[in-house]
Amino acid sequence: MSSEIASSSSTDDQERLRLLAALRESELIRELAELLASSLDLERILQILTKRTTEACAIERCSVWLRTDGQAAFHPTTYHLSTQRIDAQHVRAADAIWQHGRVLFDDPELLQCLEEQGIVLVDDLRAHPRSQEIAEKFLVGSVLLVALKREGHILGMMSLDDPDSTRTFSLEQQQLARAIGQQAARAIDNARLYEQAQAERRRAERLIERAQAINQVAVAVNAGEPLTNVMDMALHHLVQALGSDGGVIALLEGEMLRVISHTKQQRSMGEHKKLSELPACLQSASRGIPVFVKARDLTEPERQWFRALGLGNCILVPLMGGKSRAEGTVATVDQCSGLAFVDFRDPDYIPTRGQIAFAQDIAAQCALAVAKDRLLADLHTAAELANERANTLDAVFQAMTEGIAVMDENGDVLVRNRAASHFLGIPVNSKQRLGTFLQQFPTYTLHEQPLPPEAFPLARALRGERIRGERFSTIRSDREKRVIEVNVTRVHDENQHSSSYVSAFHDITEQVRVEERFQKALQAMLDVADAASGMTGVGDIMTSVLELTLSTLDCERGVVQKYNLEDNAFTLLLASGFADEEAEARWIEEQRNWLTPDAGCYQGFREQIMDGHATVINAGHYPDQPNPYQHSMMLAVPIKHKDRLLGLMTIDRSTHGQTSVFSSPKEGAFLQEFTIWELAIAEGIAQIAGVAIEQANWQYEAIESRSREAAMRDTNRMKDEFLAMAAHEFRSPLSVIQIHCQMAQRTMQKNTEEDTLPRIREHLTGIVGQTRLLTNIVHTFLDASNIREGKLVLKTELVNLGEIAQQVVDDLATIAQNQTISYTPLPSDCPYLVMGDSERLQEILANLVQNALKYSPRGGAVTVTMQHVPAENEPTRRHIEVCISDQGIGIPQDALPHIFERFYRAANSADSQAKGIGLGLYIVAELLRLHGGSIHAESSGLQGEGSRFIFTLPAFIEAQQFVAPETNA
Ligand code: ADP
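1. Notes on the pattern of salt bridges
For step 1, the next point in the chain: Using the criterion set out here, one finds 40 salt bridges in the structure.
For step 2, the next point in the chain: A salt bridge links glutamate 31 to arginine 52; the nearest nitrogen and oxygen atoms lie 2.4 Å apart. Placement of the pair is glutamate 31 in helix 1 (residues 12-37) and arginine 52 in helix 2 (residues 42-57), with a sequence separation of 21 residues.
For step 3, the next point in the chain: When the shortest N-O distance is used, the salt bridge between arginine 67 and glutamate 115 registers 3.5 Å. Highlighted residues: arginine 67 in the loop between strand 1 (61-66) and strand 2 (75-81) and glutamate 115 in helix 4 (residues 108-117), separated in sequence by 48 residues.
For step 4, the next point in the chain: Overall, the relative accessible area of 14% leaves arginine 67 in the buried class.
For step 5, the next point in the chain: A single salt-bridge network, built from bridges that share partners, covers Glu31, Lys51, Arg52 and Glu55.

Here it is as structure tokens:
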């Protein structure tokens, strides 16, 4: 390249012209500088610059080319065309290329010149191959290039030319252009700096705005604003800051993506879709990074869903929890709580990094809000659950029947439930010390001994004793005595120090009561078993059983009835507790109503008893109304043995003094029911009684059979004795008869007339006598038999007993040898008359006198006395008393009660050689009885002191009054 600078001759004109030009130039420069300084708007500055330069330098076109940071090439920036010479079509074409083309000025040769010299004059740019394109497109021929240099850096360049022509530039022009260039460079630099400052400020403002937006969302999140509010706010900021056309936030609920916030309110919020059906969303959610998707790239179902939500091209921003994900790492859908959709109508929109970062920050806040909301919901649920559990536990704690109290080491009650308060007798909320309530409510041992406070189980636990199942009794505020069982457990803290004591109280009052009842029941049954074991009589057993039952079950009255299977009836065995027999009979009669009810009456009680069940006879158990049993309280207990009904024990607890089941109750009468325990006791006792009765029956039968056997043996013995005795009795007379007969035969064989008759007569007399004896014996047997069978018939006639006695004594006196018999009746005002059978009366007297003779082997007097005596309980009537006494062998004391029994003979009678069959006195006593009289014997039992037989008969008194003799009065 060559440059040519015009030189001039130093003439005055020239000088003056030069000065004028310089003046104008400096004026122009000053003016331009002012103009340029008046604005910081680069565009305006460049417009002024180019326009003024064309004017000042008298050229048709001035263009400005600027460099962008650090680049060598110049971009076409502004130009001004002052000529009309170029046709409009060309201008428009060049204009379009200037504004929209990518033409750069990057000719290195020219650029270097420009660097070095600051100004370059090009004669014809079209000649420069590297700039040829520019030259052609912009119609550049000759051109002056002026560097816009500032502080050593070239900011750009200014080109001055006349389009499509070659020309020259004067030195002035060049200087002016250079000067303008300097001013322009300053102004451009300032404007650029200003522009940069402005851009920085705007950037800062934008950042602040975004930060504020994020902060607002964060504050809302932290403040616990409702999730939808937070989401609406976040979406609003997203849409605004990104300059978007709308947006949606949808949350992931399991697999579903559900819309929560929408900028277009008319859209349904209920739009939801499975994430797996939305590939773009799924990709963004699973990678955890925002993506920009275009509607046309979406699959049809996803596009439809987008369309339904009013979305087209979108930035999809996943709401990721935790730290933002570094690019390239893989997130899981689990960490994504939803997606924000920021919609852009422009499919070519490209979001800046800052926008993406902002969107991510907002999305992170959203994720935080979702997490917080879920956490809060979880917390809420957990709190509700915990609260519910706590309430339930507290309810359980309070509802426990076991009393729980927790004490600290000092005995201060820390916590207790209602039951414990109840047991300890203190209000639920009071924090009384152990000692205090023990003073208020003293405790006792189970043997009712006062328990000193220091011996109370809790006090002992505090001293380190182990308390397990200890019982004590106490009277609480309700005045009821309670038996409490307590266990104490020591609770250790983490350092194994005992920190508190948990005591569990259990009300065992009822249990103890049951134990006592059980003991009582057992004792009652043992007593019954004990009492019954020593007895053999059913009556004795039942008396003792009834008494024990009455006292055990606190009843006043009771009866025992025997059951007879054959006639299916109950008969009274014994009764207890009745005022008199009449009351007893009336009571028993009343019980027939239920025990043997008539047809059509209530059979239930009897049926139960017959089935063997203890039955309470009371209104409650009687179905019909009106109820006859409402005032009775009786317990009927069957006495059984092996399902065999033996009897019935009925005990009565009806109101005192009311024996009638039908009578109306006394005022305020109270029926004490039979408890299940009492029923059990009664049944137990009845069972034992059944066994005892059965045993007694066995014993009785054993004894009976033993005694029957003994009696049989006795009878057999007596029969043997009787046979022996009868044979003996019969043998003597029969042998006498036999001898008499033989003798008579012999006498007849001798045939001596004179001897025969008297001898035969003698023998016949003997035979007759012996036969009479035999007949008497047979009569005696017959009499005894008739008496026994009640067949003996007596004649009834008036008999003079004195005469009969005299006759008997006289008859026997003739027979008796060596013995005297006397009859001495006491003098009486009337004869000894009786109504009776004279033969039998004679028999009585004869028998007694004969015995007196028979049992007096050594002789001795036999006396018969007779007298009138007053009748025992009827002084106005009198009896005849006859006494036969002897001085014979007497009767032993032990034999006296038996001598009037059949076949009885005293031991000493056998020794006396006196014969007899032991029927005489039996017949005598029976005959006397049949006559309305009686007999007894008296004897010391000593040999020689004899016996006295005294009998009495009712005296027959005729008209005259009996007057006792003086001597007997
Ligand atoms: P027996 O035929 O044996 O005399 P009794 O019935 O007459 O029968 O008398 C019964 C018993 O009473 C006699 O066996 C005898 O032991 C006793 N007994 C009766 N009378 C007397 C009497 N007078 N003296 C002593 N014992 C007598």
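Picking up where we left off.
2. Overview of the side chain of glutamate 678
For step 1, the next point in the chain: For glutamate 678, the position within the fold is in helix 18 (residues 676-750).
For step 2, the next point in the chain: Setting aside residues up to four positions removed in sequence, glutamate 678 forms contacts with Leu553, Leu635, Arg653 and Glu673.

3. Quick look at the sheet that holds strand 19 (residues 557-564)
Consider a sheet: its strands pair through backbone hydrogen bonds, and that pairing is either parallel or antiparallel.
For step 1, the next point in the chain: Pairing is antiparallel in the open sheet, where 5 strands are placed in the order 20-19-23-22-21. What marks the edges here is a single partner per strand, and that holds for strand 20 (569-576) and strand 21 (615-617). When the angles between neighbouring strand axes are averaged without regard to direction, this sheet yields 25°.
For step 2, the next point in the chain: The pairing of strand 19 with strand 20 spans 7 bridges and is classified as antiparallel. Directly across from glutamine 561, in strand 20, lies its bridge partner leucine 572.
For step 3, the next point in the chain: Seen against the sheet, helix 16 (residues 581-595) touches strand 19, strand 20, strand 21, strand 22 (634-641) and strand 23 (644-652) and runs at an angle of roughly 120° to strand 23.

4. Section: helix 7 (residues 227-241)
For step 1, the next point in the chain: Taking 1.5 Å per residue as the helical rise, helix 7 with its 15 residues ought to reach 21 Å, and the 21 Å between its terminal C-alpha atoms agrees with that figure.
For step 2, the next point in the chain: Burial in helix 7 covers these residues: Leu227, Val230, Met231, Ala234, Leu235, His237, Leu238 and Val239.
For step 3, the next point in the chain: For helix 7, the elements touching its buried residues are helix 6 (171-222), strand 6 (246-253), strand 7 (256-262), strand 11 (336-344) and helix 10 (353-399).
For step 4, the next point in the chain: One or two residues past the end of helix 7 sits glycine 243, with phi positive at roughly 60°.

5. A short note on the packing of aromatic side chains
For step 1, the next point in the chain: Counted according to the given criterion, the structure contains 16 aromatic pairs.
For step 2, the next point in the chain: When the ring of tryptophan 65 is compared with that of phenylalanine 138, the centres are 6.0 Å apart and the planes differ by 70°; the resulting orientation is edge-to-face. Here phenylalanine 138 lies in helix 5 (residues 132-138) and tryptophan 65 lies in strand 1, a separation of 73 residues in the sequence.
For step 3, the next point in the chain: Judged by its relative accessible area of 3%, tryptophan 65 is buried.
For step 4, the next point in the chain: Between tyrosine 602 and phenylalanine 605, the ring centres sit 5.1 Å apart and the planes meet at 90°, which makes this aromatic pair edge-to-face.
For step 5, the next point in the chain: Three or more aromatic residues joined by ring pairs form one cluster here, namely Trp65, Tyr79, Trp98, Phe105 and Phe138.

6. With respect to the site of the ligand
For step 1, the next point in the chain: In the vicinity of the ligand there are 21 residues, among which Asn851, Tyr855, Asp886, Arg905 and Leu921 approach most closely.
For step 2, the next point in the chain: At 3.1 Å, a backbone N or O of glycine 920 approaches an oxygen atom of the ligand.
For step 3, the next point in the chain: The contact in question runs from a nitrogen atom of the ligand to an N or O atom on the side chain of serine 947, over 3.3 Å.
For step 4, the next point in the chain: For the ligand, the accessible surface in isolation is 520 Å², of which the surrounding protein chains cover 98%.
For step 5, the next point in the chain: Mapped onto the shell around the ligand, the elements with two or more residues apiece are helix 21 (838-854), helix 23 (920-930) and strand 30 (947-954).
For step 6, the next point in the chain: The element best represented in the shell around the ligand is helix 21, accounting for 3 residues.
For step 7, the next point in the chain: Split by residue class, the shell around the ligand holds 11 nonpolar, 7 polar and 3 charged.

7. Re unusual backbone geometry
For step 1, the next point in the chain: In this model, aspartate 164 sits at a positive phi of 55°, which is unusual for a non-glycine residue.
For step 2, the next point in the chain: Mapped onto the fold, aspartate 164 is located in the loop between strand 5 (153-161) and helix 6.
For step 3, the next point in the chain: Here the phi dihedral of phenylalanine 903 falls at roughly 60°; this positive angle occurs in a residue that is not glycine.
For step 4, the next point in the chain: With a relative accessible area of 24%, phenylalanine 903 lands in the partly exposed category.

8. Re the nonpolar core
For step 1, the next point in the chain: By size, the foremost hydrophobic cluster in this structure holds 54 residues, and its most contacted members are Leu801, Ile884 and Phe951.
For step 2, the next point in the chain: When residues of this core are assigned to their parent elements, the largest contribution, 8 residues, is made by helix 21.
For step 3, the next point in the chain: The residues touching leucine 801, leaving out its near neighbours within four places in the chain, are Tyr832, Val834, Leu841, Leu845, Met866, Ile880, Val882, Phe951 and Leu953.
For step 4, the next point in the chain: In this structure, Ala524, Val528, Leu574 and Ile693 belong to the second largest nonpolar core, which totals 32 residues.

9. A look at a nonpolar patch on the surface
For step 1, the next point in the chain: Taken together, the side chains of Leu17, Leu20 and Leu23 make up a nonpolar region of the molecular surface, amounting to roughly 310 Å² of accessible area.
For step 2, the next point in the chain: Note on placement: leucine 17 falls in helix 1.
For step 3, the next point in the chain: Judged by its relative accessible area of 53%, leucine 17 falls in the exposed class.

10. With respect to the sheet that holds strand 28 (residues 878-885)
For step 1, the next point in the chain: With mixed pairing, the 5 strands of this open sheet are ordered in space as 25-27-28-30-29. Because the sheet does not close on itself, it has two edges, and the strands there are strand 25 (821-825) and strand 29 (934-939). Direction aside, the axes of adjacent strands within the sheet are offset by 20° on average.
For step 2, the next point in the chain: As judged from the 8 bridges shared by strand 27 (residues 862-870) and strand 28, these two strands associate in the antiparallel manner. In the sheet register, proline 870 faces strand 28, and the bridge partner there is arginine 878.
For step 3, the next point in the chain: Against the sheet, helix 20 (residues 801-815) engages strand 25, strand 27, strand 28 and strand 30, with an angle of about 165° to strand 25.

11. Observations regarding the side chain of asparagine 417
For step 1, the next point in the chain: Tracing the backbone through its elements, the reader meets asparagine 417 in the loop between strand 13 (413-416) and helix 11 (418-424).
For step 2, the next point in the chain: Looking at asparagine 417, the relative accessible area reads 0%, which means it is buried.
For step 3, the next point in the chain: The contacts of asparagine 417, once residues within four sequence positions are left out, are Phe397, Gln398, Met400, Glu402, Gly403 and Ile404.

12. Some thoughts on helix 14 (residues 509-533)
For step 1, the next point in the chain: Helix length check: helix 14, at 25 residues, gives a terminal C-alpha distance of 35 Å against a target of 36 Å (1.5 Å per residue), a fit within 8%.
For step 2, the next point in the chain: If you check which residues of helix 14 are buried, you get Thr509, Val512, Ala521, Ala524, Val528 and Ala532.

How each quantity is defined
- Residues numbered from 1 in each chain as written.
- Predicted model: local features only at pLDDT ≥ 70, side-chain atom pairs only at ≥ 80, totals over all residues.
- Heavy atoms only, no water.
- Salt bridge = Lys/Arg side-chain N within 4 Å of Asp/Glu carboxyl O.
- Helix = DSSP H or I, 4+ residues; strand = E, 2+ residues; numbered from the N terminus.
- Buried < 20%, exposed > 50% of the residue type's maximum accessible area, 1.4 Å probe, protein only.
- Contact = heavy atoms within 4.5 Å.
- Pairing = 2+ DSSP bridges.
- Axes fitted to C-alpha atoms, helices over the stretch in contact; angles between N-to-C directions.
- Expected span 1.5 Å × (residues − 1).
- Phe/Tyr/Trp six-rings, centres within 6.5 Å; stacked < 30°, edge-to-face > 60°.
- Near = heavy atom within 4 Å.
- Polar contact = N/O pair within 3.5 Å; in protein donor to acceptor, adjacent residues only side chain to side chain.
- Areas by Shrake-Rupley, 256 points an atom, 1.4 Å probe, with all protein chains shown as cover.
- Nonpolar A, V, L, I, M, F, W, Y, C, P; charged D, E, K, R; others polar.
- Core = buried A, V, L, I, M, F, W, Y, C linked by side-chain atoms within 4.5 Å.
- Patch = residues over 30% accessible without salt bridge, like charges linked within 9 Å, V, L, I, M, F, W, Y side chains within 5 Å.

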